[in-house]
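Observations on chain architecture
The primary structure of each chain is shown beneath.
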Amino acid sequence: EELHSKMEMLREREAEVQQSATQWEGEAKALQIRLQAREDDLRAAEERLRQQEQTVDGMKSDFKRVEDETVLAQQKVRCREMELRLNAERGRDLEAEIIRRQREVEAGEERNRLFEVDLARRIKDIEAGEERVKRRELDLDNREQVLKKKMNDFQL
């Protein structure tokens, strides 16, 4: 009977162990399901992180491109400013050259005017000289006539 009672106790104990094992298996399955869910969440989070990293990399690339474009635009602006300054300097140089040439033209015109005045005076002098020569010739002709007449009168 003791053996029977021990057997019964063993059976009860086995049933308890079986029940406990079943309970532990259920908890293990629940834990495994939770673990699987956490691993899935972790993989999803890793995927989101990878996508965010790609987005950040894209944003960095965009930022670098915009930064490069900005530097290029700034260089273009500086080049244009230098070009405008050079054009302004050339414009001032051209203005100075135009003014210089205008003064040369004005000086040339003044020399031409003075030359024309001098030429007109010389022409008048020449004309006056020609007039004197004509009067002298007339005077000489008259004298010659007078001399011829006197010689004729003398010969008579």
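Use the structure listed above.
Reading the values: the criteria
- Residues numbered from 1 in each chain as written.
- Predicted model: local features only at pLDDT ≥ 70, side-chain atom pairs only at ≥ 80, totals over all residues.
- Heavy atoms only, no water.
- Helix = DSSP H or I, 4+ residues; strand = E, 2+ residues; numbered from the N terminus.
- Rg over C-alpha atoms; globule rule 2.2 N^0.38 Å.
- Buried < 20%, exposed > 50% of the residue type's maximum accessible area, 1.4 Å probe, protein only.
- Areas by Shrake-Rupley, 256 points an atom, 1.4 Å probe, with all protein chains shown as cover.
- Lys, Arg positive; Asp, Glu negative; His and termini not counted.
- Charge placed at Lys NZ, Arg CZ, Asp CG, Glu CD.
- Salt bridge = Lys/Arg side-chain N within 4 Å of Asp/Glu carboxyl O.

This next bit is on the overall build of the protein. Looking only at helices and strands, the protein has one helix and zero strands in total. Computed over the C-alpha atoms, the radius of gyration of the protein is 65 Å, more than 25% above the 15 Å expected from 2.2 N^0.38 for a compact globule of 156 residues. Seen along its three principal axes, the alpha-carbon backbone of the protein occupies a region of about 225 × 15 × 10 Å. When each of the 156 residues of the protein is scored for burial, the buried share is 1%. As presented, the protein carries roughly 15200 Å² of accessible surface, and 55% of it is formed by carbon and sulfur atoms. Where the 34 positive side-chain charges of the protein centre and where its 40 negative ones centre are 13 Å apart.

All right, on to the environment of E2 then. Relative to the assigned elements, E2 resides in helix α1 (residues 2-155). E2 sits in the exposed class, given a relative accessible area of 58%. Between the alpha carbons of E2 and Q19 there is a distance of 25 Å; along the sequence they are 17 residues apart.

Let's shift gears to the pattern of salt bridges. If the charged atoms of two oppositely charged side chains come close together, the side chains can form a pair. Within this structure, the stated rule accounts for 17 salt bridges. Here R65 and D62 are joined by a salt bridge, their closest N and O atoms 3.9 Å apart. Of the two residues, R65 and D62 both sit in helix α1, three residues apart, roughly one turn of that helix.

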